[in-house]
Amino acid sequence: FKERRPSGNRPEALGPEEGRRGAARSVQAGDGGGSDDPTAGSAGQSMPELLSVNSIGMRFVPIQAGTFTMGEGETAHKVTLTQALELGQHEVTQEQYERVMGKNPSKFKGKQKNPVEMVIWNDAVEFCRKLSDLPGEKSTGYVYRLPTEAEWEYACRAGTTTAYSFGDDPSALQNYAWISDPDSK
């Protein structure tokens, strides 16, 4: 997640949620092992106007400000994100994490383009802080942080209003998710 702003100004999500996504994967950035072309999308399509690449090769996708319904059932509520943001296209790779933090905590080492894992929330926050302090990032004015819960859900929904990305029918879950019981949610 990156923002171009003076440090200290944090965009707020309007609404009753205050949670934070607590995993290094929430930073969502990196090469992901795909094409070496920084303008290629996940399916190989060209998206030069959409992606930006930072000083260590992490790719970011713009997320426009907007309003969405967060949650479901009785807890559903409208949330407005008042500022656009950029969210990493892929998970942070082991190579990127090690370049910033000086170590690789991953259990499954061997391929530096694989996502970093075994990262606790505090380490993810520290990664964002140290990344923000790199000279190549300071010179551009970018500040990195983990997304809020509302920002994460808004980006994941990608403009959909259905319960799932493929619609509202839970019986179709088995076609899109690893579940043992198609009737479970």
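In what follows, the structure referred to is the one given above.
Residues numbered from 1 in each chain as written. Predicted model: local features only at pLDDT ≥ 70, side-chain atom pairs only at ≥ 80, totals over all residues. Heavy atoms only, no water.

Colleague: Can you help me understand the side chain of Ser106 in this one?
Modeller: With respect to the helices and strands, the residue Ser106 is situated in the loop between helix 1 (94-101) and helix 2 (121-133). At 2.9 Å, the side chain of Ser106 forms a polar contact with the side chain of Asn104. Polar contacts involving the side chain of Ser106 include one to the main-chain amide nitrogen of Glu117, which spans 3.1 Å. (Helix = DSSP H or I, 4+ residues; strand = E, 2+ residues; numbered from the N terminus. Polar contact = N/O pair within 3.5 Å; in protein donor to acceptor, adjacent residues only side chain to side chain.)

Colleague: Explanation requested: unusual backbone geometry in the structure shown.
Modeller: The phi angle of most residues is negative, glycine excepted, and most peptide bonds adopt the trans form. Here Met118, not a glycine, exhibits a phi torsion of approximately 65°, which is positive. Summarising the element assignment, Met118 is placed in the loop between helix 1 and helix 2. Residue Met118 is classed as exposed on the basis of its relative accessible area, which comes to 54%. Within the chain, Ala158 stands out as a residue other than glycine whose phi angle is a positive 50°. Its location among the elements puts Ala158 in the segment after helix 4 (149-157). A residue is classified by how much of its surface remains accessible, and Ala158, at 62% relative accessible area, is exposed. (Buried < 20%, exposed > 50% of the residue type's maximum accessible area, 1.4 Å probe, protein only.)

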